[in-house]
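The primary structure of each chain is shown beneath.
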Amino acid sequence: MKYRTIGTDPAHRREVSVLALGAMLFGSLTDEETSFAVLDRYVEAGGNFVDTSDNYAFWTDGGQGGQSEELLGRWRRSRGVGDEIVIATKLGARPLAPGTSYTDNPEGLSAKTIREAAERSRERLGVEKIDLLYAHIEDPTVPLRETVEGFAGLVAEGTVGLLGVSNHAIWKVERARALAAAAGLPGYEVLQYQHSHLRPRFDVPSALFPDGSLGHAGPELLGYLRAEPSLTLVAYSPLLAGAYVRADKPLPPDYDHPGTPRRLAVLREVAKETGATVNQVVLAWQIGGPLPIVPLAGASSVAQLEENLAAVDLELTPDQRARLDAAH
């Protein structure tokens with residue numbers, strides 16, 4: 001395994017594995033025995049960066065979520081896991097009632113909610129301190145300063161270490177970080193957005209993003225990383241839920257544009273040259289690139305995890321990287 005540092009404050013920064021493990025479906029669609037087996041193998045391989053959220057996976061049973069955090073809590077207790085494993089979780093997008101969603105009834109990012117939701121997450125996870133806590137989605141109903149101060153208060157109390165943000169407009173991330181800096185408070189240092197080798201259209205509206213996606217790592221976010229080297233991008237869904245390699249998993253509609261076939265062709269060329277799978281090339285391209293990117297990949301079996309782990313040691317040549325970067 002290889003590692004990189006997230007965070008800048010010596011009191012909270014952590015060395016994390018360059019491949020993060022997504023636990024989104026653990027305890028729901030992925031049963032406990034399989035989830036434990038995947039977690040055990042990940043740790044055995046040197047992995048130490050596990051990602052979840054307080055709303056995972058509410059859509060599987062029409063509830064409010066919490067299954068993933070609860071399973072991780074049971075796994076931690078059964079294995080005697082301590083703070084050597086970095087667990088990141090998120091708040092803000094948990095439905096307030098069963099049968100609702102984050103698009104119509106989210107918990108939000110008020111100071112009161114941040115405190116209460118974080119406490120519930122700590123209880124489910126069985127931890128005294130959340131290593132990394134994200135603001136999951138935007139909350140336009142709450143002043144940004146209140147959200148910034150709410151998160152910073154948990155850091156000051158020692159119940160949260162690092163702060164992160166996901167699915168926010170980049171201008172709002174920068175504004176929040178500026179507010180925190182001006183007040184001498186800790187701000188967001190880890191950005192979690194969807195990022196893969198294929199590039200989606202960013203103008204496709206959705207219920208959460210009526211003006212087009214704020215959840216993908218586009219040119220503004222990548223440029224922000226270049227300008228702010230202290231930040232880290234945790235790239236979720238790097239393998240597009242299996243769409244690179246599975247005929248039964250079609251690409252999402254926002255990837256239906258002329259650039260997709262060309263980028264796919266280069267990916268397949270490089271995979272053939274290296275003897276690796278397309279999935280492994282995607283992960284290796286992210287891990288070994290010039291920007292601080294940690295791919296966050298889920299796994300519903302140990303076999304899937306093994307494929308992902310092998311990408312850590314896959315070294316792409318400068319020519320292969322140049323071709324992958326240039327395809328459009």
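Because the structure is a prediction, the values reported are computed rather than measured.

Asks: Lay out the sheet that holds strand β7 (residues 160–166) with the relevant residues and their values.
Replies: If you walk around this closed barrel you meet the eight strands as β3-β4-β5-β6-β7-β8-β9-β10, and the pairing is parallel. Recorded for the sheet is a direction-independent mean angle of 30° between the axes of neighbouring strands. Across three bridges, strand β3 (residues 20–22) lies against strand β10 (residues 293–298) in parallel orientation. Bridge pairing in β10 links L21 to A297. Relative to the sheet, helix α4 (residues 144–157) contacts β5 (86–91), β6 (130–135), β7 and β8 (188–194), its axis offset from that of β7 by approximately 150°. Against the sheet, helix α5 (residues 170–182) makes contact with β7 and β8, and its axis sits at roughly 170° relative to β8, the strand it touches most.

Asks: Describe the nonpolar core, with residues and values.
Replies: Counting 91 residues, the largest nonpolar core has F49, F151 and L191 as the members making the most contacts within it. Once residues within four sequence positions are removed from consideration, L191 is found in contact with V165, V173, L221, Y224, L225, L231, T232, L233 and V234.

Asks: Could you give an account of unusual backbone geometry, with specific residues and numbers?
Replies: A57 follows Y56 through a cis peptide bond whose omega is -5°. Tracing the chain through its elements places A57 in the loop between β4 (49–51) and α2 (67–79). Unlike most non-glycine residues, N167 shows phi in positive territory, near 60°. A positive phi angle, near 50°, is found at S237, a position not held by glycine. Taking relative accessible area as the criterion, S237 reaches 34% and is therefore assigned partly exposed.

About the cut-offs
- For every chain, the first residue of the written sequence is number 1, and numbering continues from 1 along that sequence.
- Reporting in this predicted model follows two pLDDT cut-offs: at least 70 for local features of residues, and 80 or more for side-chain atom pairs to be given and counted; totals over whole chains, interfaces and linings ignore these cut-offs and use all residues.
- Each side-chain value is worked out from all heavy atoms of the structure, with water and hydrogens disregarded.
- Between any two strands, at least two bridges found by DSSP are needed for them to pair.
- Only DSSP runs of H or I covering at least 4 residues are called helices, and only runs of E covering at least 2 are called strands; the numbering of each starts at the N terminus.
- The axes are straight lines fitted to the C-alpha atoms, using for helices just the contacting stretch, and the angles between their N-to-C directions are given from 0 to 180°.
- Residue contacts follow a heavy-atom distance rule, with two residues in contact if any of their heavy atoms lie within 4.5 Å.
- Grouping buried Ala, Val, Leu, Ile, Met, Phe, Trp, Tyr and Cys residues that are joined through side-chain atoms within 4.5 Å yields what is termed a nonpolar core.
- Per-residue accessibility, obtained with a 1.4 Å probe over protein chains only, is compared with the maximum for each type, and a residue is labelled buried under 20%, exposed over 50%, and partly exposed between these values.

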